[in-house]
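Each chain, written out:
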Amino acid sequence: MSKYFIIAGEASGDLHGAALIEQLKHRDPQAQCTGLGGDRMEAAGCLLHQHIRKMAFMGFAAVLKNLGQIRRNFRIAEEALLTDRPDVLILIDYPSFNLQMAAFCRKHLPQTKIYYYIPPKVWAWKRRRIHRIARLCDEVLGIFPFEPAFYARYGYRCTYVGNPTAEEILQRSDLTAQRSGSAAVLQATPVIAILPGSRPTEISNCLGRMLEAARQYPEYKRVVCAAPGIEDTFYAPYLQEDETLTRDTYTAVQQAKAAIVNSGTATLETALLGCPQVAVYHLALSWAIALIRWARPLLFTIPYFTLVNIIAGKLVIRECIANEFTVANVTRELDRLLHDEEYTKNMLASYEHIRSLLGTRPAAERAAEIITSTPIAKPGHTA
């Protein structure tokens, strides 16, 4: 029986962790899974030492306010590792916490294999972390096809295992095939989908401007896609009577003629669902970036912000970021998406290329295959 200790600190990590646990147990029926995660990981058979509701703190203010809890989380994880003494430690995103836990494990449990599944986006920022990741982890399992080449430039190895977002969209291929059919297009009025983000601060900073731009086209129905865990009442102050709130994001995007999307995984989901889009993102320091034009190459290590453009390696969708996130800019781009057929045709062709780059292999299945096929060193033995 192999013992796996899995750490996920956010809802998305909990989702990917659950899928991985299911695949680990499929390949290793006697597997014992413990760790830090959420309801999905627990339902998949993981004994939790701490729940993500006490871990998912985003932003400087939230981190500062919860420093005591964060310290307790480190102590809980360290004590659990020493008690469970796992054969394998699996880290899922959540870099600041997970890298510290990797260092602790490497020092106190040197025979434990360490895998980073869904590693930090070092290709976007904090590039120096790549050296620490490579030093601490036995293997890095990436979910973007360009990551192996990026790691190779530094002399390190990363294995592309597939993309969970592409996998999930593929599972809905029956709906995608019906995108232009009567079964999918239920709205009598054409739709503009609005995806304002997954966190309250994102929504409050972006939704007003997104809606104001969409309202320039009253002939389109405006459908706002709600995030899991955010109550309907949070959105209510922003919405007019003729605007709809939905929790079926995929169907709304599939029905839409165009979408306004807060930058993040949602831009990739929108692309894989085949909907033309414009990406937006609010930055509190946008005034500084506007005034100091040389700041961008110092702050960021890639020319694009959205996954769609990063994966394609070119500008596929317009990015209205920071000082460029204005109602006027979003409205102009929305006008192109709604009325310039050649423009959207080229965008959709680029989406197809992105699909081919991501492939169809289930990420969790491939990751579990790699993890379970590696010999595990037991006390008194060498791998």
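Residues numbered from 1 in each chain as written. Predicted model: local features only at pLDDT ≥ 70, side-chain atom pairs only at ≥ 80, totals over all residues. Heavy atoms only, no water.

## Digging into the overall build of the protein
Broken down by element type, the protein carries 19 helices and 13 strands. Split into buried and exposed, the 383 residues of the protein put 49% on the buried side. For the protein, the share of sequence-separated contacts (at least 6 apart) that also reach a separation of at least 24 residues comes to 65%. Just so you have it, the protein exposes about 18100 Å², and 54% of that area is on carbon and sulfur atoms. (Helix = DSSP H or I, 4+ residues; strand = E, 2+ residues; numbered from the N terminus. Buried < 20%, exposed > 50% of the residue type's maximum accessible area, 1.4 Å probe, protein only. Contact = heavy atoms within 4.5 Å. Areas by Shrake-Rupley, 256 points an atom, 1.4 Å probe, with all protein chains shown as cover.)

## With respect to the packing of helix α1 (residues 11-27) against helix α19 (residues 363-373)
Relative orientation of the contacting elements α1 and α19 amounts to 50°, with a least axis distance of 8 Å. Taken together, the axes of α1 and α19 lie oblique to each other. Between α1 and α19 the crossing geometry is right-handed. Counted together, Ala19, Leu20, Gln23, Leu24 and Arg27 of α1 and Ala364, Glu365, Ala367, Ala368, Glu369, Ile371 and Thr372 of α19 form the full contact between these two elements. Here the residues of the contact of α1 with α19 sort into 7 nonpolar, 2 polar and 3 charged. (Axes fitted to C-alpha atoms, helices over the stretch in contact; angles between N-to-C directions. Parallel < 35°, antiparallel > 145°, perpendicular 65-115°, else oblique. Left-handed = near helix turned anticlockwise from the far one by under 90°. Nonpolar A, V, L, I, M, F, W, Y, C, P; charged D, E, K, R; others polar.)

## Some thoughts on the pattern of salt bridges
With the rule as written, the count across this model stands at 12 salt bridges. Between Glu243 and Arg222 there is a salt bridge whose closest N-O contact spans 2.6 Å. Of this pair, Glu243 sits in the loop between α11 (232-235) and β10 (244-246) while Arg222 sits in strand β9 (residues 221-225), placing them 21 residues apart in sequence. Residues joined by salt bridges that share partners form a network here, namely Arg215, Arg222, Asp242 and Glu243. (Salt bridge = Lys/Arg side-chain N within 4 Å of Asp/Glu carboxyl O.)

## Structural notes on the sheet that holds strand β12 (residues 277-281)
The strand order β10-β9-β8-β11-β12-β13 describes an open sheet built from 6 strands, whose pairing is parallel. Each edge of the open sheet carries a strand with a single partner, namely β10 and β13 (319-321). Averaged over all neighbouring strand pairs, the angle between strand axes comes to 20°, with direction disregarded. Note that strand β8 (residues 191-195) and strand β11 (residues 256-262) share 5 bridges and pair parallel. Each bridged residue has a counterpart across the sheet, and for Ile194 the counterpart in β11 is Ile260. (Pairing = 2+ DSSP bridges.)

## Let's talk about the sheet that holds strand β6 (residues 139-142)
An order of β3-β2-β1-β4-β5-β6-β7 is seen for the 7 strands of this open sheet, with the pairing classed as parallel. Sheet topology places β3 (46-51) and β7 (159-160) at the edges, where each strand pairs with a single neighbour. Bridge analysis of strand β5 (residues 113-117) against β6 gives 3 bridges, and the strand direction is parallel. What sits directly across from Tyr116, in β6, is Val140. Where α19 meets the sheet, it contacts β1 (3-8), β4 (88-92), β5, β6 and β7, and its direction lies at approximately 165° from that of β5.

## What about the packing of aromatic side chains?
All chains considered together, the criterion is met by 8 aromatic pairs. Between Phe144 and Phe146, the aromatic rings sit 5.7 Å apart at their centres with planes inclined by 10°, giving stacked as the arrangement. Taken together, a centroid distance of 6.2 Å and an interplanar angle of 80° make the contact between Phe150 and Tyr151 edge-to-face. With a relative accessible area of 0%, Tyr151 lands in the buried category. Through a chain of ring-to-ring contacts, three or more aromatic side chains come together here, namely Phe74, Tyr94 and Phe97. Across the ring face of Phe325, the terminal group of Arg209 is positioned such that the distance to the ring centre comes to 3.9 Å. The ring centre of Tyr343 lies 3.6 Å from the NZ or CZ of Arg336, which sits over that ring. (Phe/Tyr/Trp six-rings, centres within 6.5 Å; stacked < 30°, edge-to-face > 60°. Lys NZ or Arg CZ within 6 Å of the ring centre and 35° of its normal.)

## Some details on the environment of Trp123
Here Trp123 lies in the loop between β5 and α6 (129-136). Classification of Trp123 by relative accessible area gives buried; the value is 3%. Measuring from C-alpha to C-alpha, the distance between Trp123 and Tyr151 comes to 8.8 Å, with 28 residues separating the pair along the chain. Of the polar contacts made by the side chain of Trp123, one reaches the side chain of Glu147; its length is 3.0 Å. (Polar contact = N/O pair within 3.5 Å; in protein donor to acceptor, adjacent residues only side chain to side chain.)

## Structural notes on the pairing of β6
A two-sided burial pattern is seen for β6, the buried positions comprising Glu139 and Leu141 on one face and Val140 and Gly142 on the other. You can see the chain leave β5, run along α6 and come back into β6, and the turn it takes is right-handed. Across 2 bridges, β6 lies against β7 in parallel orientation. Paired with Leu141 across the bridge in β7 is Thr159. For the handedness criterion, the β-α-β arrangement of β6, helix α7 (residues 147-152) and β7 is classed as right-handed. (Right-handed = clockwise from strand over helix to strand, strands pointing away.)

## Comments concerning the packing of helix α4 (residues 67-84) against helix α5 (residues 95-108)
Put simply, α4 and α5 touch, their axes get as near as 11 Å, and they point 35° apart. The interaxial crossing formed by α4 with α5 has right-handed handedness. Along its contact with α4, which presents Asn73, Phe74, Ala77, Glu78, Leu81 and Leu82, the element α5 presents Ser96, Phe97, Gln100, Met101, Phe104, Cys105 and His108.

Don't take any of this as a statement about function, it's just geometry.
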